[in-house]
Amino acid sequence: MTTRRTPTGNLLTLAEVLDELRVPRSTFFRWKATGRAPRTIKYPNGSLYVRRRDLDAWLNDHEEAA
């Protein structure tokens, strides 16, 4: 998985996020529509990206206690 280095942090493509979460695109967009997905960045061309730190924070927030 390659991440893009930007001044605001590492950006993951939507495909990379879907692969890491192991969910289909439809599930991710359902989560997004209901406010349950990680924060996304939408470029003017429609491409979606997720900051690595935002995905990590989202995963931590959804971690279950042992």
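This structure is a prediction, so every number in the text was calculated from the model and none was measured.

Conventions used here
- Residues numbered from 1 in each chain as written.
- Predicted model: local features only at pLDDT ≥ 70, side-chain atom pairs only at ≥ 80, totals over all residues.
- Heavy atoms only, no water.
- Salt bridge = Lys/Arg side-chain N within 4 Å of Asp/Glu carboxyl O.
- Helix = DSSP H or I, 4+ residues; strand = E, 2+ residues; numbered from the N terminus.
- Buried < 20%, exposed > 50% of the residue type's maximum accessible area, 1.4 Å probe, protein only.
- Axes fitted to C-alpha atoms, helices over the stretch in contact; angles between N-to-C directions.
- Parallel < 35°, antiparallel > 145°, perpendicular 65-115°, else oblique.
- Contact = heavy atoms within 4.5 Å.
- Nonpolar A, V, L, I, M, F, W, Y, C, P; charged D, E, K, R; others polar.
- Core = buried A, V, L, I, M, F, W, Y, C linked by side-chain atoms within 4.5 Å.

### Remarks on the pattern of salt bridges
Taken as a whole, this structure holds three salt bridges when the rule is applied. Across the pair Glu20 and Arg52 runs a salt bridge, and its minimum N-O distance is 2.7 Å. Within this pair, whereas Glu20 is found in helix H1 (residues 14-21), its partner Arg52 is found in helix H3 (residues 52-61), the two being separated by 32 residues in sequence. We classify Glu20 as partly exposed; its relative accessible area is 28%. With a relative accessible area of 19%, Arg52 lands in the buried category. Ionic pairing is found between Asp56 and Arg52, a salt bridge with its closest N-O pair at 2.9 Å. Placement of the pair is Asp56 and Arg52 together in helix H3, with a separation of four residues, close to one helical turn. Among the charged side chains, a network of salt bridges with common partners joins Glu20, Arg52 and Asp56.

### Details of the packing of H1 against helix H2 (residues 25-33)
It is the contact of H1 with H2, at a shortest axis distance of 10 Å, that shows an interaxial angle of 100°. The orientation of H1 relative to H2 falls into the category roughly perpendicular. Across the interface between the two elements, Leu14, Val17, Leu18 and Leu21 of H1 pack against Arg25, Phe28, Phe29 and Trp31 of H2. Across the contact of H1 with H2, the residue classes tally to seven nonpolar, no polar and one charged.

### Quick look at the nonpolar core
In this structure, Val17, Leu21, Phe28, Trp31 and Leu55 are the most contacted members of the largest nonpolar core, which totals 13 residues. Looking at this core, the elements that each hand over two or more residues are H1, H2, strand S4 (48-51) and H3. At four residues, the largest contribution of residues to this core is made by H1. Ignoring sequence-local partners within four residues, the contact set of Leu55 consists of Leu12, Val17, Glu20, Leu21, Pro38 and Val50.

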